[in-house]
Amino acid sequence: MESKTDGGAASLTSEELAAIQDEEVLNKMLDDATDFEERRTIRVALRDLLKKKRDKREQDRGARQQDLRQQVLSKGGTTGAAVSVGRASMNQPSTNRTTGQTSPSASTPFNRSAGSQASLAAASAQECPAAVPNAKNVKQMLLDWCRAKTEPYEGVDIRNFSSSWKDGIAFCALVHRFFPDAFEYSILNPNSHRENFQLAFSTAERMAGCPPLLDADDLVRMKEPDWKCVYTYIQEFYRCLVEKGLVKTKKRL
């Protein structure tokens, strides 16, 4: 009897395809499939799998947001101010900027960067003690940091948090700067946007513990990435690097 593996996806039912939880396996099956109905069934299974992964990321993101809110409420002070700065950088309304208290209505998928905001603000204040950290200079400082780290890399010219990241090469360069043995940068194809995004995000997750807040399939469908999404992801990557001791920040006295 011919095995289901040898028979390809055509011999698999929709239920059996749905049980496959490996995106690469489904993509390989889709590449190999020639029958229209077969490809349609695989695409349905792949879309369902991607939706499950996105839903799981949203759940994890919501849990982390709740943890951050709890930390703000318990610590107050500097952390609360950093969250207020984070809200301003995402163009979110703040009902109480004096106390820095968060409001449930201000919570969005992008409003979760208190840790990285605090680290960046601390570094900025250390370098320029007279300057008061705000959303604008924190954002510019992060952009300058990205530009400095990727300057040696061919094909990377970071000018903003949107169009400069649209082919995935900038993400790969930034990750490669800290994990040069993870993959070979020189062989990357700037036209392979999806593969570049996936490589950067999976490597950052595996090596730095950075959650994959961005979805490669969503990014390739956009003319340009949403700057708020890229900004938030880079903040999270920065925070993970700080936690691993790969980026040094000086604490304020």
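In the nomenclature of an unreviewed UniProt entry, the chain corresponds to Smoothelin-like from the organism Seriola dumerili. Turning to the chain, the UniProt annotation filed under Sequence similarities (unreviewed entry) states: "Belongs to the smoothelin family."

## Some words on the overall build of the chain
On a plain count of helices and strands, the chain comes out with ten helices and zero strands. For the chain, the sequential pattern of α-helices and β-strands runs α-α-α-α-α-α-α-α-α-α. Per-residue burial over the chain gives 44% buried out of 253 residues. Surface exposure of the chain reaches about 14100 Å², of which carbon and sulfur atoms provide 51%.

## A word on the packing of aromatic side chains
Centre distance and the angle of the planes are the two values used to describe a pair of aromatic rings. Tallied over the full model, the rule gives 13 aromatic pairs. Each ring, one from Phe171 and one from Phe197, has its centre 6.0 Å from the other, and the planes form 65 degrees; the classification is edge-to-face. On the criterion of sequence distance, the pair formed by Phe171 in helix α7 (residues 169–178) and Phe197 in helix α8 (residues 193–208) is long-range, its members being 26 residues apart. The pair formed by Phe171 and Phe197 is uniform in burial state, with each residue classed as buried. Aromatic pair Phe171 and Phe201: ring centres 5.2 Å apart, planes at 75 degrees, arrangement edge-to-face. One end of the pair, Phe171, is in helix α7; the other, Phe201, is in helix α8, with 30 residues separating them in the sequence. The burial state of Phe171 is the same as that of Phe201; both residues are buried. Every member of this aromatic cluster is reached through a ring pair, and the members are Phe161, Trp165, Phe171, Phe197, Phe201, Trp227, Tyr231 and Tyr233. Between the NZ or CZ atom of Lys139 and the centre of the ring of Trp227, over which it lies, the distance is 3.9 Å.

## Some thoughts on the nonpolar core
Side chains of a nonpolar character, in soluble globular proteins, are inclined to be buried together. Ranked by size, the top nonpolar core spans 42 residues in total, and within it Trp145, Trp165, Phe171, Tyr185, Tyr233, Ile234 and Phe237 carry the most contacts. Mapped onto this core, the elements with two or more residues apiece are α6 (135–150), α7, α8, α9 (216–221) and α10 (227–243). The element that contributes the greatest number of residues to this core is α10, accounting for nine residues. Not counting chain neighbours up to four residues away, the residues in contact with Trp145 comprise Leu174, Phe178, Ile234, Tyr238, Leu241 and Val247. Counting residues in each nonpolar core, the second largest holds twelve residues, with Leu12, Leu26, Leu30 and Leu50 among its members.

## Section: the side chain of Asp217
Mapped onto the fold, Asp217 is located in helix α9. Overall, Asp217 belongs to the buried group, its relative accessible area being 11%. Excluding residues within four positions of it along the chain, Asp217 makes contact with Glu23, Leu50 and Arg194.

Cut-offs and rules
Residues numbered from 1 in each chain as written. Predicted model: local features only at pLDDT ≥ 70, side-chain atom pairs only at ≥ 80, totals over all residues. Heavy atoms only, no water. UniProt positions renumbered as here; feature names shortened; annotations may be inferred. Helix = DSSP H or I, 4+ residues; strand = E, 2+ residues; numbered from the N terminus. Buried < 20%, exposed > 50% of the residue type's maximum accessible area, 1.4 Å probe, protein only. Areas by Shrake-Rupley, 256 points an atom, 1.4 Å probe, with all protein chains shown as cover. Phe/Tyr/Trp six-rings, centres within 6.5 Å; stacked < 30°, edge-to-face > 60°. Lys NZ or Arg CZ within 6 Å of the ring centre and 35° of its normal. Core = buried A, V, L, I, M, F, W, Y, C linked by side-chain atoms within 4.5 Å. Contact = heavy atoms within 4.5 Å.

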